[in-house]
Amino acid sequence: MSQKTYNILKDAKSRALIDDETYQKWYKQSIKDPEKFWGKHGKRIDWFKPYTKVKNTSFTGKVAIKWFEDGLTNVSYNCIDRHLDKRGDQVAIIWEGDNPYDDKKITYRELYDQVCRLANVMKSNGVKKGDRVTIYMPMIPEAAYAMLACTRIGAIHSIVFGGFSPDALAGRIVDCESTFVITADEGLRGGKKVPLKHNTDLAIEIAQRNDVTVKNVLVVQRTAGKVEWFADRDIWYHEAVAAAKPDCKPAKMKAEDPLFILYTSGSTGKPKGVLHTTGGYLVYASMTHEYVFDYHEGDIYWCTADVGWVTGHSYIVYGPLANGATTLMFEGVPNYPSPSRFWDVVDKHQVNIFYTAPTAIRALMGAGDDHVTKTSRKSLRTLGSVGEPINPEAWEWYYNVVGGKKCPIVDTWWQTETGGILITPLPGATKLKPGSATRPFFGVQPQLVDNDGDVLAGTTEGNLCITDSWPGQMRTVYGDHERFIQTYFSTYKGKYFTGDGCRRDEDGYYWITGRVDDVINVSGHRMGTAEVESALVSHDAVSEAAVVGYPHDVKGQGIYCYITLMEGQEGDDTLRKALVAHVRHEIGPIASPDKIQFSPGLPKTRSGKIMRRILRKIAEDEFSALGDTSTLADPGVVDDLIANRQNKK
Ligand code: WTA
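Because the structure is predicted, anything quoted here is derived from the model rather than measured.

Some thoughts on the site of the ligand
Reasoning step 1: Taken together, 17 residues are adjacent to the ligand, and Asp411, Thr412, Thr416, Asp500 and Arg526 come closest.
Reasoning step 2: Gly387 is positioned with one of its backbone polar atoms (N or O) 3.1 Å from a nitrogen atom of the ligand.
Reasoning step 3: Breaking the shell around the ligand down by element, the ones donating at least two residues are helix H11 (310-322), strand E20 (409-412) and strand E26 (510-515).
Reasoning step 4: Counted by class, the shell around the ligand contains six nonpolar, six polar and five charged residues.

Put into structure tokens, the structure is as follows:
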């Protein structure tokens, strides 16, 4: 564990919106009087009708979370219209294509035009306030237009990451009964094509079998690749938008009207539709974007995430555009055409703030320093990390080699559920320790508890809870409020339980240690082991499956599958390959198993519960520390599991 502390405050290029004293003062105020604190900061967005009530939240009983509830506003108005007078000609979105020769700049005025036209197209095809619109798109500006057009008319978007399979897409369409889909003919990543329209066609068939009929598919022409066309259902985006009116009045939305659904994995069951609402979410996304990244007017800001994940929602689109920033959207991957790509793009567009994931940093670190040092990167001022714990070695490389010891790193901890960043350094205010997300943002009250729920004080390690609400918090699981209460507020009564383990050091800094539930984090993609298991057992050869994570040098965690086969099946490499292909087909490439171990049995208690603790240890190749195995129904299976382990170091 690195004990180093970096006092970046003196020599950083940070222009420090906030110093440590101000952080301390504001933090205290935000906890002592949240009404007053958020009452003031809620005004950072424009309201058609100002709120008089600020906070009305309860983590007990039915759990009800409302912020700014009597205010009226509109997200697209805040992200576009209100900037037009001052910065109509400023670039809102820089788009960098997969191919380095492909790029485009969109001003705020052009953004207004595009979003209004698309909103009109949706309206004229019958999309109304409260309807769910599924967006399954590559990283092209039209993805942002689609999001903003939904918010303009009060439709609720549900973005499905382009790497998900037709099955996964169908599940999400069915769950929120979405009848309008926006997609592209094909996506393009690292020179490879992704058949988005074809996948959508397949997903719609599956949805139809589950009684949900998609009425329209709006298709962006990205590659002009060949697609099947269903004339009564499919609409070419470019044709419809060209014919639409260029103005569309923003709908007056209540602060608590739904803004978007985003499906995410938990420890059990199918993915949950995390629901975020309008006012509080935007206030929180824009405020964290400004202070966490030390964003100043005129900065070029780049978050490398995909809009299919929450990071793309809050920190490519909503936070930056609400702040009138120039946000860069990147279609490609870090190592195409070469491992210099990120830094080439930084130089090309003179990026000041750069936000990425540890898995990308580790992969690029492995490709060697030359790919970095041959670029200038002089424009960089703030670096950010998100999605998984960053190991101190990767942190040091990011700091020293990429940032040239001049750029503070903000290691931002948060979740799909939290809407925005909760624990993070602030450039200029927080001394940095490699591997620590450091301190809570304003209004955020972390608490560590033991497994019995007893509160742990001082220097300690435990389960991370948050004791009171913040404006960006999710409001419910779409269509299943009971599941919301059960998942987040029942483990430790009256507290939001994050699912993460965490350590607090002598300076009160927080160190996230990873998930304590059955969620794994593969290359920053969150996955429920139960989902991968259910994909595996749907294969004819598989009788039973148990999936755990294990430490992986680049991905953070890899996917390790233990499989018991049906009578008469042979566990060999051919079957391994078939199972990998099957999981990719069921969920998508991001869920590809890394290791598959066939075993005649799984370690179970006498009541039939699989002892995952043992499976995790064997997957980590730490089988000397298996702990108590005496409660196993058949302790003999453990010897076989150890003998045939697939991850021998
Ligand atoms: C993990 C991504 C350590 C954590 C924004 C959390 C992190 C899960 C960090 C949420 C970080 C995210 N340090 N772990 N800086 N950021 N995590 O919903 O386990 O895709 O619970 O949201 O990622 O993943 P999600």
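Once you've had a look at it, read on.
So, the packing of helix H7 (residues 166-175) against helix H8 (residues 196-209)
Reasoning step 1: Across the interface, H7 lies against H8 with an axial gap of 8 Å and an inter-helix angle of 50 degrees. As the angle between them shows, H7 and H8 are arranged oblique. You can see that H7 and H8 cross each other, and the crossing is right-handed. Between H7, through Pro166, Asp167, Leu169, Ala170, Ile173 and Val174, and H8, the contact on the second element is made entirely by Asn199, Thr200, Leu202, Ala203, Ile206 and Ala207.
Reasoning step 2: Residues of the contact of H7 with H8, tallied by class, amount to nine nonpolar, two polar and one charged.

So, the UniProt feature "binding site: CoA" (unreviewed entry) in the protein
Reasoning step 1: As recorded in UniProt, the feature "binding site: CoA" (unreviewed entry) lies at Arg189, Gly190, Gly191, Lys192, Thr311, Asn335, Ser523 and Arg584. Their sequence span is 396 residues, while the largest C-alpha to C-alpha distance among them is 23.9 Å; these annotated residues do not converge on one region.
Reasoning step 2: Position of Arg189 relative to the elements: it lies in strand E9 (residues 187-189).
Reasoning step 3: Residues within four places of Arg189 in sequence aside, it is in contact with Asp98, Glu331, Gly332 and Val333.

Quick look at the sheet that holds strand E23 (residues 460-466)
Sheet strands pair via backbone hydrogen bonds, and the direction of the pair is either parallel or antiparallel.
Reasoning step 1: Across the sheet, which stays open at both edges, the five strands sit in the order E22-E21-E23-E25-E26 with antiparallel pairing between neighbours. Pairing within the sheet leaves two strands with one partner each, and these edge strands are strand E22 (455-456) and E26.
Reasoning step 2: By the bridge criterion, four bridges tie strand E21 (residues 446-449) to E23 in an arrangement that is antiparallel. Pairing of Leu448 across the sheet is with Leu464, part of E23.

Focus on helix H10 (residues 279-292)
Reasoning step 1: Taking 1.5 Å of rise per residue, 14 residues should cover 20 Å, and H10 covers 20 Å from first to last C-alpha, within 8% of that figure.
Reasoning step 2: Of all 14 residues making up H10, 14 are buried, and the element is well covered by its neighbours.
Reasoning step 3: Positive phi shows up at Asp294, right after H10, with a value of about 55 degrees.

A closer look at the nonpolar core
Reasoning step 1: The biggest cluster of nonpolar side chains holds 158 residues, and the ones touching the most others in it are Leu111, Leu118, Met122, Tyr318, Phe442 and Ile563.
Reasoning step 2: Beyond its immediate chain neighbours, meaning those up to four positions away, Leu118 contacts Tyr145, Ala146, Ala149, Leu218, Tyr237 and Val241.
Reasoning step 3: Of all hydrophobic cores here, the second largest spans 30 residues; its members include Val345, Ile361, Leu383 and Val401.

Description of the pairing of strand E2 (residues 64-67)
On a regular strand, each side chain points to the face opposite its neighbour's, so the side chains alternate between the two faces of the sheet.
Reasoning step 1: Residues Ile65 and Trp67 point to one face of E2 and are all buried, whereas Ala64 and Lys66, pointing to the other face, are not buried.
Reasoning step 2: Here four bridges tie strand E1 (residues 55-58) to E2, and the two strands are oriented antiparallel to one another. Residue Asn56 lies in a different strand from E2, and its bridge partner there is Lys66.
Reasoning step 3: The hairpin formed by E1 and E2 contains five residues between the paired strands, and Gly61 there has a positive phi angle of roughly 55 degrees.

A short note on the sheet that holds strand E8 (residues 180-184)
Reasoning step 1: Spatial ordering of the open sheet is given by E12-E11-E8-E6-E7-E14-E15-E24, a layout of eight strands whose pairing is mixed. The open sheet has two edge strands, strand E12 (234-236) and strand E24 (476-477), and neither has a second partner.
Reasoning step 2: Looking at chain direction, E8 and strand E11 (residues 216-220) are connected through five bridges and run parallel. Counterpart to Val181 in the pairing with E11 is Val217.

Looking at the pairing of E26
Reasoning step 1: Across five bridges, the pairing between strand E25 (residues 496-504) and E26 is antiparallel. By the bridge assignment for E26, Arg503 is matched with Trp511.

Some thoughts on the side chain of Arg87
Reasoning step 1: Mapped onto the fold, Arg87 is located in helix H4 (residues 84-87).
Reasoning step 2: Looking at Arg87, the relative accessible area reads 12%, which means it is buried.
Reasoning step 3: Within the structure, the side chain of Arg87 is placed 2.9 Å from the side chain of Gln90, a separation counted as a polar contact.

Looking at the packing of aromatic side chains
Reasoning step 1: As enumerated under the stated definition, the model contains 46 aromatic pairs in all.
Reasoning step 2: Both rings, one in Trp26 and one in Phe37, keep their centres 6.4 Å apart while their planes meet at 70 degrees; by these two values the pair is edge-to-face. Highlighted residues: Trp26 in helix H1 (residues 20-32) and Phe37 in helix H2 (residues 34-41), separated in sequence by 11 residues.
Reasoning step 3: A relative accessible area of 5% places Phe37 in the buried class.
Reasoning step 4: Consider the rings of Trp67 and Phe68, whose centres lie 6.0 Å apart with planes at 50 degrees: the pair is tilted.

The rules we used
Residues numbered from 1 in each chain as written. Predicted model: local features only at pLDDT ≥ 70, side-chain atom pairs only at ≥ 80, totals over all residues. Heavy atoms only, no water. Near = heavy atom within 4 Å. Polar contact = N/O pair within 3.5 Å; in protein donor to acceptor, adjacent residues only side chain to side chain. Helix = DSSP H or I, 4+ residues; strand = E, 2+ residues; numbered from the N terminus. Nonpolar A, V, L, I, M, F, W, Y, C, P; charged D, E, K, R; others polar. Axes fitted to C-alpha atoms, helices over the stretch in contact; angles between N-to-C directions. Parallel < 35°, antiparallel > 145°, perpendicular 65-115°, else oblique. Left-handed = near helix turned anticlockwise from the far one by under 90°. Contact = heavy atoms within 4.5 Å. UniProt positions renumbered as here; feature names shortened; annotations may be inferred. Pairing = 2+ DSSP bridges. Expected span 1.5 Å × (residues − 1). Buried < 20%, exposed > 50% of the residue type's maximum accessible area, 1.4 Å probe, protein only. Core = buried A, V, L, I, M, F, W, Y, C linked by side-chain atoms within 4.5 Å. Phe/Tyr/Trp six-rings, centres within 6.5 Å; stacked < 30°, edge-to-face > 60°.

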